[in-house]
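# Coordinate inspection notes
Each chain, letter by letter, is given below.
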Amino acid sequence: MTSAKDVMKMIADNEVKFVDLRFTDTRGKEQHVSVPTKAFGDDKFTDGHAFDGSSIAGWKSIESSDMLLMPEPSSARMDPFREENTLVLTCDVVEPMTGKGYERDPRSLAKRAEAYLKSSGLGDTAYFGPEPEFFIFDSVTWNVDMSGSFVKIKSEEAPWSTGIEYEAGNLAHRAPVKGGYFPVPPTDSLQDIRSEIYMLLEQQGVEVEVHHHEVAAAGQNEIGTKFASLVRRADWMQILKYTIWNVAASYGKTATFMPKPIVGDNGSGMHVHQSVWKDGQNLFAGNGYSGLSEFALYYIGGIIKHARSLNAITNPGTNSYKRLVPGFEAPINLAYSARNRSAACRIPYVSNPKSRRVEVRFPDPTTNPYLAFAAMLMAGLDGVQNKIHPGDPVDKNLYDLEPEEAAKVPTVCHSLDQALGIMDKDREFLTRGGVFTNDMLDAYIGLKMEEVTRYRMTTHPVEFDMYYGL
């Protein structure tokens, strides 16, 4: 275990000039403050670093804004992108009067979820393995004002770029729409970028298992990283995003985790593999369907029961629901299956019982990983505690079902405001053990409804296409 003393030695050994203290806000965006090493001592690990919590969206009011950043020594790593030697520390946000984690701080909340699992006696460790997809574009421009709105994506990989004359010539190697899965270079023009991301992630302690081009033709990618315990895996997710954004920028490109930036091609999801362990034993392994235990089936039952409430956290943007549309291979169906990728929960084939797990497929990579992993764990544990059986698996192609049969399979939410409304009513499972508090959930709903209202009030170009002249 890394100690504060180890971090101070690391600062000296690497001739560090700045210590960057980072934390994550409610929306999942990383924030930071840089401290010169001459002002960074052992006291930062005991007394914390003060900052103004009222300036963070959805957090403190001005009259009670004092907060502390408490660095996690084990998170220490060198920032590979800064010109001056900079050491990064991930922090919890702490209330200065009590010394306890702030109830709206996502990382502190995730720690409460891990503590609740242990206190429940059901397990001692929850493992998560997210698979975030993302796009790398050459450039993106947009504007929204009273005169109108537009968005324009430029990508030399894109099928729509065949008619563009580039300075070095149009090399013409590009995948067709929905044809971007696994082509070799030069069609896959992002191989070197992903390889550099891999190298830098490994330098920062994030273990990478695979990287490849994804289905969408215009620059969709995936970098698969190893599973880890809840809080650690959420930390890794933030490191991964930071690294992808900065490597893309170093190549003069821009990366986005937006679920559906392109009309007519695949969107970006974030399938989340998860399992619960106790005393070194995988509680999901058993002799039931696809090698699952009764514990695992009940866990799935909880995920399915609360899926529409979970959507408010796992699919947190108005754009999230452009991906979750029936009939387009989206995992909208609240069912489970060993093979069916249109089901919300899939059981991957594995030969080793230790690898037995459930893959929840509806989340997307704009989610706050601390909140998402904690919420899914709480839903799954509710299923175990109340023995919520998910029913029979669905191994048929869910898009080939007869209408009467398809109508019996429930689906995820179709909009963010619907999800927020459902979570508002279905929140008790989240608040057990004080993991999520009602105050935190109310603040979250208020913050997200601001996005919904702005979206509702903005005239969309599609409306001109459909209604102009009527």
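Going by the structure above, here's the rest.
Now for a look at the structure at hand. (Residues numbered from 1 in each chain as written. Predicted model: local features only at pLDDT ≥ 70, side-chain atom pairs only at ≥ 80, totals over all residues. Heavy atoms only, no water.)

What follows deals with the overall build of the protein chain. From N to C terminus, the protein chain includes 14 helices and 18 strands. Here the protein chain has a C-alpha radius of gyration of 23 Å; the compact-globule value for 470 residues is 23 Å, and the two agree. Along the first, second and third principal axes, the C-alpha set of the protein chain runs to 65 × 60 × 50 Å. Put simply, of all contacts in the protein chain between residues at least 6 apart along the chain, 67% involve residues at least 24 apart. A total of about 21,900 Å² of accessible surface is found on the protein chain, and carbon and sulfur atoms cover 53% of it. Side-chain charges in the protein chain split into 49 positive and 62 negative, and the spacing between the mean points of these groups amounts to 3 Å. (Helix = DSSP H or I, 4+ residues; strand = E, 2+ residues; numbered from the N terminus. Rg over C-alpha atoms; globule rule 2.2 N^0.38 Å. Contact = heavy atoms within 4.5 Å. Areas by Shrake-Rupley, 256 points an atom, 1.4 Å probe, with all protein chains shown as cover. Lys, Arg positive; Asp, Glu negative; His and termini not counted. Charge placed at Lys NZ, Arg CZ, Asp CG, Glu CD.)

Three- or four-residue spacings in an α-helix give side chains the same orientation, since the helix completes a turn every 3.6 residues. Between its terminal C-alpha atoms helix α5 (residues 230–250) stretches 31 Å, which fits the 30 Å expected from 21 residues at 1.5 Å a residue. A large share of α5 lies buried, amounting to 17 of its 21 residues. (Expected span 1.5 Å × (residues − 1). Buried < 20%, exposed > 50% of the residue type's maximum accessible area, 1.4 Å probe, protein only.)

Turning our attention to the pattern of salt bridges. Close approach of charged atoms allows side chains with opposite charge to pair. Summed over the entire model, instances satisfying the criterion amount to 22 salt bridges. Close ionic contact of E72 with R107 constitutes a salt bridge, the shortest N to O distance being 3.4 Å. Pair noted here: E72 is in the loop between β4 (66–71) and β5 (77–78) and R107 is in helix α3 (residues 106–120), with a separation of 35 residues, a long-range link. Neither E72 nor R107 differs from the other in exposure class; each is buried. Put simply, K448 and E451 hold a salt bridge, and the shortest N to O gap is 3.2 Å. In this pair, K448 and E451 both sit in helix α13 (residues 438–457), three residues apart, roughly one turn of the helix. What makes K448 buried here is its relative accessible area of 5%. Members of the salt-bridge network, linked through shared partners, are E72, D92, R107, K111 and D235. (Salt bridge = Lys/Arg side-chain N within 4 Å of Asp/Glu carboxyl O.)

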